[in-house]
Amino acid sequence: MEESMEEEEGGSYEAMMDDQNHNNWEAAVDGFRQPLPPPPPPSSIPASAREPPGGQLLAVPAVSVDRKGPKEGLPMGPPPPPEANGVIMMLKSCDAAAAVAKAAPAPTASSTININTSTSKFLMNVITIEDYKSTYWPKLDGAIDQLLTQSPGDYIPISYEQIYSCVYKCVCQQHSEQMYSDLIKKITNHLERVSKELQASPPDLYIERFNIALGQYMGALQSIVPLFIYMNKFYIETKLNRDLKDDLIKLFTEHVAEKHIYSLMPLLLEAQSTPFQVTPSTMANIVKGLYTLRPEWVQMAPTLFSKFIPNILPPAVESELSEYAAQDQKFQRELIQNGFTRGDQSRKRAGDELAYNSSSACASSRGYR
């Protein structure tokens, strides 16, 4: 009887303690769910009481609990708050996120490079070598073709501003070397075609066609060199220590003039001996052009060059005046032999005046009035 009463008292006491512990735990959970008050400013917290970041998250306040059995005493403080359980849940969630991250495929280096390349291209407007070959050089190629084949005075329907902009962008994107190489190759191919056409020309048209080719090319340089002035300044002059105009003139010298000088010079000398066989303007253009291409060619025909370029021959001296007079007389005889007599009106008037003046002088000397 007593034992059963003791068991009933013990059972009811344990049930009462369980209910009290459960109510205390729920009250602690409700307190945990409520928003925490804002932390005090750092200046009001003593330095000794400050903790490193994250320390409060893992810290669990100590609780004074009497370790005596439930029958002998009650807990001296509230039960441990559920911060530890919250930390455990957070750690579990972190572990789960890490597992998901491990399961997901890691980004490859190629995808990262492609993203960076596309982003930089979008931001900096990068011109790749493929862009240069497919977009920019074709525009320059077409403009150079038109400039090289135009006749003097022709209108070329190209945008000089657009061409200059293409050159500027290619130089800024480090394509100067490729652009210079393409330009030299383009003009070289053109000059080789010109040289073949001259070789097929008959002798009576050879001088005139050479004059056309020379004038057309020199006229084209007056437009091509300014269009590529940015490349000339920041690549050719800086890295190659040369000038674009000099390089292009050298191309005509090597691929056209040098191949035809020994065929051209005899024809020029022959034309010189026959007045007006070649127009003076054509003769002057060719002689001046050859002197521009290579001044040492003067030695092949110094007399011919001296007629169109000053200071070619040495200065005249008094002892050679008779020789100069003899050369002039010979030239006059050649003109008369070729049908150029002094019978024109201007020379006739000059002769009549000379005869009248001579007769007047003789009459006055003899005393006639």
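These numbers were taken from a predicted model, which means no experiment stands behind them.

Trainee: Residues and numbers for the overall build of the protein chain, please.
Mentor: Within the protein chain, the secondary structure is distributed over 14 helices and 0 strands. Looking at the protein chain as a whole, 24% of its 369 residues are labelled buried. Sequence-distant contacts, at least 24 apart, represent 69% of the contacts inside the protein chain between residues at least 6 apart. As presented, the protein chain carries roughly 26,000 Å² of accessible surface, and 56% of it is formed by carbon and sulfur atoms.

Trainee: Help me get a handle on the pattern of salt bridges, residues and values and all.
Mentor: Tallied over the full model, the rule gives 6 salt bridges. The partner of E296 in a salt bridge is R294, and the shortest N-O contact between them spans 3.5 Å. A single network of salt bridges, built from pairs that share partners, joins D141, D145 and K186.

Trainee: Which residues make up the packing of aromatic side chains, and what values do they have?
Mentor: Summed over the entire model, instances satisfying the criterion amount to 6 aromatic pairs. Aromatic side chains Y180 and Y235 sit 6.0 Å apart centroid to centroid with 55 degrees between the ring planes, which places their arrangement in the tilted category. Remark: Y235 occurs in helix α9 (residues 229–240) and Y180 occurs in helix α7 (residues 176–199); sequence separation between them is 55 residues. As far as burial versus exposure is concerned, Y180 and Y235 are alike and both buried. Geometrically, the ring pair formed by F210 and F252 is edge-to-face, given 6.5 Å between the ring centres and 65 degrees between the ring planes. Pair noted here: F210 is in helix α8 (residues 203–227) and F252 is in helix α10 (residues 244–273), with a separation of 42 residues, a long-range link. For the residue pair F210 and F252, the accessibility class agrees, reading buried in each case. Taken together, the ring pairs connect Y168, Y230 and F234 into an aromatic cluster.

Trainee: Tell me about the nonpolar core, and name the residues and values.
Mentor: In this structure, M179, Y217, F228, M231, L248, L268 and L290 are the most contacted members of the largest nonpolar core, which totals 64 residues. Secondary-structure elements contributing two or more residues to this core are α5 (129–149), α6 (160–172), α7, α8, α9, α10, α11 (280–293) and α12 (302–306). The dominant element in this core, judged by the number of residues it contributes, is α10, at 12 residues. Beyond its immediate chain neighbours, meaning those up to four positions away, L248 contacts I184, I187, Y217, L221, I224 and V225.

Trainee: So what's going on with α10? Residues and values would help.
Mentor: A rise of 1.5 Å per residue sets the reference length of α10, with its 30 residues, at 44 Å; its end C-alpha atoms lie only 38 Å apart and thus fall more than 12% short of the reference. Along α10, the helix axis deviates most sharply at I261, where the bend reaches about 60 degrees. Put simply, D243 is the residue that caps the front of α10, since its side-chain oxygen is 3.1 Å from the backbone nitrogen of K245.

Trainee: Can you explain the confidence of the model for the protein chain? Please cite residues and give values.
Mentor: Per-residue pLDDT for the protein chain has a mean of 73; in total, 57% of the residues score no lower than 70. By mean pLDDT, helix α2 (residues 55–58) is the weakest element of the protein chain at 44, and α7 is the strongest at 96. Counting interchain partners and residues more than four positions distant, the pLDDT-below-50 stretch residues 118–123 has 4 contacts.

Trainee: Pulling in residues and values, what's your account of the packing of α6 against α9?
Mentor: Running from N to C, α6 and α9 cross one another at 20 degrees; their axes reach a closest spacing of 8 Å. On the basis of the axis angle, α6 is roughly parallel to α9. Contacts between α6 and α9 pair Y164, V167, Y168, V171 and C172 from the former with I229, Y230, M231 and F234 from the latter.

Trainee: If you had to explain α9 to someone new, which residues and values would you point to?
Mentor: Along its 12 residues, α9 runs just 14 Å from first to last C-alpha, ending more than 12% under the 16 Å computed at 1.5 Å per residue. In this structure, the buried side of α9 is in contact with α6, α7 and α10. Among the residues trailing α9, N241 stands out with phi positive, at a value near 55 degrees.

Trainee: Outline a nonpolar patch on the surface, listing residues and values.
Mentor: On the surface, Y164, Y168 and I229 cluster together into a nonpolar patch covering about 280 Å² of accessible area. In this structure, Y168 sits in helix α6. Of the residues examined, Y168 reaches a relative accessible area of 38% and is grouped as partly exposed.

Trainee: Pulling in residues and values, what's your account of the packing of α6 against α8?
Mentor: It is the contact of α6 with α8, at a shortest axis distance of 9 Å, that shows an interaxial angle of 50 degrees. Compared by their axis directions, α6 and α8 come out oblique. Between α6 and α8, the residues in contact are Y160, I163, Y164 and V167 and S223, P226 and L227, respectively. Looking at the contact of α6 with α8 residue by residue, the classes come out as 6 nonpolar, 1 polar and no charged.

Trainee: Tell me about unusual backbone geometry, and please be specific about residues and values.
Mentor: The backbone phi angle of N241 is positive, close to 55 degrees, even though this residue is not glycine. Tracing the backbone through its elements, the reader meets N241 in the loop between α9 and α10.

Trainee: Which residues make up the side chain of Q150, and what values go with them?
Mentor: Take Q150: it is sitting in the loop between α5 and α6. The class of Q150 is buried, set by a relative accessible area of 16%. Contact partners of Q150, with chain neighbours within four places excluded, come to I156 and Q216.

Calculation notes
Residues numbered from 1 in each chain as written. Predicted model: local features only at pLDDT ≥ 70, side-chain atom pairs only at ≥ 80, totals over all residues. Heavy atoms only, no water. Helix = DSSP H or I, 4+ residues; strand = E, 2+ residues; numbered from the N terminus. Buried < 20%, exposed > 50% of the residue type's maximum accessible area, 1.4 Å probe, protein only. Contact = heavy atoms within 4.5 Å. Areas by Shrake-Rupley, 256 points an atom, 1.4 Å probe, with all protein chains shown as cover. Salt bridge = Lys/Arg side-chain N within 4 Å of Asp/Glu carboxyl O. Phe/Tyr/Trp six-rings, centres within 6.5 Å; stacked < 30°, edge-to-face > 60°. Core = buried A, V, L, I, M, F, W, Y, C linked by side-chain atoms within 4.5 Å. Expected span 1.5 Å × (residues − 1). Bend = angle between axes of the 7 residues up to and from the residue. Polar contact = N/O pair within 3.5 Å; in protein donor to acceptor, adjacent residues only side chain to side chain. pLDDT = per-residue confidence, 0-100. Axes fitted to C-alpha atoms, helices over the stretch in contact; angles between N-to-C directions. Parallel < 35°, antiparallel > 145°, perpendicular 65-115°, else oblique. Patch = residues over 30% accessible without salt bridge, like charges linked within 9 Å, V, L, I, M, F, W, Y side chains within 5 Å. Nonpolar A, V, L, I, M, F, W, Y, C, P; charged D, E, K, R; others polar.

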